[in-house]
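Observations on the model geometry
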Amino acid sequence: MTFDPLNQVSPSLKKFNTFAIDCSCAELQIVSTTIELVDTVKKAFKSTKPFLVLGGGSNVLFTQNFAGKVIIIETKGIELQQDDNFYYLSVAAGENWHALVNYCLENNMPGLENMALIPGTVGAAPIQNIGAYGLEFCRVCNWVKYLDLETEEIETLSVNECLFDYRDSIFKSELKNKAIITEVGIKLSKKWQPVISYGSLQNFDLATVSAKDIFDRVCDLRTHKLPNPNILGNAGSFFKNPIIDANLYMTLAQKFPNIVGYALADGNIKLAAGWLIEHAGLKGFTLGGACVHKEQALVLVNLGDASGSDICHLAQYVIQQIKQKFSVILEPEPRIFGQLAEINISDF
Ligand code: FAD
Ligand code: NAP
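Residues numbered from 1 in each chain as written. Chains lettered and ligands numbered in written order. Predicted model: local features only at pLDDT ≥ 70, side-chain atom pairs only at ≥ 80, totals over all residues. Heavy atoms only, no water.

1. What to know about the site of ligand 2
Our working definition: Near, as used in this document, describes a residue that has one of its heavy atoms within 4 Å of the molecule or strand being considered. Under the rule applied, a polar contact is a pair of N or O atoms within 3.5 Å (in protein, one hydrogen donor and one hydrogen acceptor; residues adjacent in sequence only if both atoms are side-chain atoms). Values of accessible area rely on a 1.4 Å probe in the Shrake-Rupley scheme; residue burial ignores everything except the protein chains shown. A helix here means a DSSP run of H or I that spans at least four residues, while a strand means a run of E at least two residues long, and both kinds are numbered starting from the N terminus. Each residue is assigned to one class: nonpolar for Ala, Val, Leu, Ile, Met, Phe, Trp, Tyr, Cys and Pro, charged for Asp, Glu, Lys and Arg, and polar for all the others, Gly among them.
If you check the shell around ligand 2, you find 19 residues, and the closest are Tyr198, Lys225, Ser237, Lys270 and Gln296. Tyr133 is positioned such that a nitrogen or oxygen atom in its backbone is 3.0 Å from an oxygen atom of ligand 2. At 2.8 Å from an oxygen atom of ligand 2 is found a side-chain nitrogen or oxygen belonging to Tyr198. For ligand 2, whose unbound accessible area comes to 790 Å², protein coverage reaches 78%. Secondary-structure elements contributing two or more residues to the shell around ligand 2 are β7 (131-132), α3 (211-225) and β12 (233-237). The class makeup of the residues in the shell around ligand 2 is 7 nonpolar, 7 polar and 5 charged.

2. Structural notes on the sheet that holds strand β18 (residues 299-302)
Here is the rule we go by: DSSP calls a pair of strands paired once it identifies at least 2 bridges connecting them. In this analysis, two residues are considered to be in contact whenever any of their non-hydrogen atoms come within 4.5 Å of each other. What counts as an axis is a line fitted to C-alpha atoms, over the stretch in contact for a helix, and the angles between N-to-C directions run from 0 to 180 degrees.
Sheet architecture is open: 4 strands sit in the order β12-β18-β17-β16, paired in antiparallel fashion. The sheet is open, and its two edges are formed by β12 and β16 (286-287), each paired on a single side. With 3 bridges joining them, β12 and β18 adopt antiparallel strand pairing. In the sheet register, Gly233 faces β18, and the bridge partner there is Asn302. Across the sheet, helix α6 (residues 308-326) touches β16, β17 (290-292) and β18, and the angle it forms with β17 is around 35 degrees.

3. A short note on the pattern of salt bridges
Test applied: Any Lys or Arg side-chain nitrogen located within 4 Å of an Asp or Glu carboxyl oxygen qualifies as a salt bridge. Under the scheme applied here, a residue whose accessible area is under 20% of the maximum for its type counts as buried, over 50% as exposed, and between as partly exposed, the area being computed with a 1.4 Å probe on protein chains only.
What the rule picks out here adds up to 10 salt bridges. Between Glu183 and Lys145 there is a salt bridge whose closest N-O contact spans 3.9 Å. With Glu183 in strand β11 (residues 179-189) and Lys145 in strand β9 (residues 141-148), the pair connects residues that are 38 residues apart, well separated along the chain. In this structure Glu183 comes out as partly exposed when scored by relative accessible area, which is 22%. Taking relative accessible area as the criterion, Lys145 reaches 27% and is therefore assigned partly exposed.

4. Remarks on the sheet that holds strand β2 (residues 51-54)
Sheet strands pair via backbone hydrogen bonds, and the direction of the pair is either parallel or antiparallel. Taken in spatial order, the 3 strands line up as β1-β4-β2 in an open sheet, and their pairing is parallel. Two strands bound the open sheet, and with one partner strand each, they are β1 (25-31) and β2. Recorded for the sheet is a direction-independent mean angle of 20 degrees between the axes of neighbouring strands. Bridge analysis of β2 against strand β4 (residues 66-73) gives 4 bridges, and the strand direction is parallel.

5. So, α6
Spelled out, the test is: Take the number of residues in a helix, subtract one, and multiply by 1.5 Å to get its expected span.
If you check α6, its first and last C-alpha atoms are 27 Å apart, about what 19 residues at 1.5 Å a residue would give, namely 27 Å. Those residues of α6 not exposed but buried are Gly308, Asp310, Ile311, Cys312, Leu314, Ala315, Val318, Ile319, Gln321, Ile322 and Phe326. One or two steps after α6, the chain reaches Ser327, where phi turns positive at roughly 55 degrees.

6. A few points about the packing of aromatic side chains
For clarity, the cut-off: Aromatic contacts are taken between Phe, Tyr and Trp rings whose centres are within 6.5 Å, Trp giving its six-membered ring; a plane angle under 30 degrees counts as stacked, one over 60 as edge-to-face, and the others as tilted. Working rule: Lys NZ or Arg CZ, within 6 Å of ring centre, within 35 degrees of ring normal, means a charge sits over the ring.
Counting across every chain of the model gives 11 aromatic pairs. Measuring from ring centre to ring centre gives 5.2 Å for Phe238 and Phe239, while their planes differ by 70 degrees; the resulting arrangement is edge-to-face. You can call Phe238 buried: its relative accessible area is 0%. Its relative accessible area of 1% is what places Phe239 among the buried residues. Through a chain of ring-to-ring contacts, three or more aromatic side chains come together here, namely Phe19, Phe238 and Phe239. Geometry around Phe86 places Lys187 over its ring, the cationic atom sitting 4.4 Å from the centre. Over the aromatic face of Phe204 sits the side chain of Arg217, whose NZ or CZ is 4.1 Å from the ring centroid.

7. As for the nonpolar core
Where a protein is soluble and globular, its nonpolar side chains tend to be buried together. Worth spelling out the cut-off: Here, the term nonpolar core denotes a set of buried Ala, Val, Leu, Ile, Met, Phe, Trp, Tyr and Cys residues that are joined through side-chain atoms within 4.5 Å.
Within the largest apolar cluster, 51 residues are counted, with the highest numbers of intra-cluster contacts made by Phe239 and Ile277. If you tally residues by element for this core, the top one is α6, at 8 residues. When near neighbours in sequence (up to four residues on either side) are disregarded, Phe239 contacts Ile277, Leu298, Leu300, Ala315, Val318, Ile319, Leu330, Glu331, Pro332 and Glu333. With 45 residues, the next largest nonpolar core counts Leu100, Val144, Ile186 and Phe204 among its residues.

8. Comments concerning the packing of helix α2 (residues 97-106) against α3
For any two helices packed against each other, the geometry comes down to the angle between their axes and how far apart the axes lie. Worth spelling out the cut-off: Between 65 and 115 degrees an angle is taken as roughly perpendicular, under 35 as roughly parallel, over 145 as roughly antiparallel, and anywhere else as oblique. By convention the crossing between two helices is left-handed if the near helix lies anticlockwise of the far one by an angle smaller than a right angle, and right-handed if it lies clockwise.
Viewed as axis vectors pointing N to C, α2 and α3 meet at an angle of 155 degrees, and their least axial separation amounts to 11 Å. The orientation of α2 relative to α3 falls into the category roughly antiparallel. The crossing of α2 and α3 is left-handed. Listed contacts from α3 to His98, Val101, Asn102 and Leu105 of α2 are Ala211, Lys212, Phe215 and Cys219. Class assignment of the residues belonging to the contact of α2 with α3 gives a composition of 5 nonpolar, 2 polar and 1 charged.

As structure tokens, then:
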């Protein structure tokens, strides 16, 4: 579906971003097949105007009207193969992530249940290596197929080649702005092992817990803790949990004995950014139409008519307060867009 920019007002992006920022773009196209996606993206890349692709719009913040074309990926299709040990799924980029989690459970292929109710598309999952409740996408990824914008070839990366890390992958570094993910390969072991190491899942019994138990618990926790974007615009956690070295952690722990941190395998410590924001007294803090969510401090919300600038100003204030109180620099998780391209919060 294409909107003719000469014929009507600029298409609104409000319903295509979960922050519900009321902004527009020069042109909007929804693509529903991989062939259409590849063809549309190739043409857009050759055009002089900027373009960007969106899945569910659940990890973006628009600060201005976008002066180029926005391509919404709604490609569908799940193919299943198996051998004695694994199920292998090939999933089109535009499939909804939570629907995939459901599909796998309903077809007796557990392994994704900890990541239930993460909004957005399957194609966006590898980009920031989505994760929740002790499980990250990299644990179930088999391969990622993408259109290389420079060569116009479809390439495939193995899980190791994706350079997955905490909320990070090659698609945010070397391949940033160079790759459009078209299809994702997922590999689920037939010998399912529950992941219940995460705080709120620890009271399950390893011997008896089912994937459905974990799915139900995760859905219940998320529904109660997180603001529903259909009611209160948001992009989930606005900040990544900062990773600091053990020395800084010791200094902070002496000053703030209740500080929440988790030791990583490399000796560094992952701090709970939500704890820092809450203990800087910022829960419920409001700037313009933007607010630090009253129940979950890691989430910035649109109270109704916030602009992208309101959200950015609030985020900058939070960053400054946390730096002042804890000497820790918070980094935004959502991708922030200006009129022509992605921008950094510090450039705003
Ligand atoms: P979009 O927001 O549409 O796009 C994100 C970025 O990826 C953009 O830069 C876009 O240009 C690019 N992009 C999208 N699709 C493609 C593609 N096919 N190829 C190339 N580039 C592409 N994240 C977590 O990790 N864990 C959570 O638990 C979690 N919980 C959330 C809860 C809520 C309420 C919300 C609103 C968000 C949450 N998120 C979470 C963030 C978000 O859901 C994920 O980052 C998700 O993967 C984004 O998918 P999307 O399709 O909406 O991406
Ligand atoms: P929480 O349970 O209140 O915990 C706070 C933080 O502590 C989390 O961010 C989590 O880090 C970390 N944590 C808790 N238990 C841990 C453990 N056993 N080992 C290592 N780290 C641990 O968090 P929450 O805000 O309600 O979120 C629950 C889960 O959903 C988290 O995994 C979170 O990442 C995910 N989530 C993500 C988004 C997003 O937009 N990215 C939004 C909502 C929820 P991790 O974040 O690294 O897991």
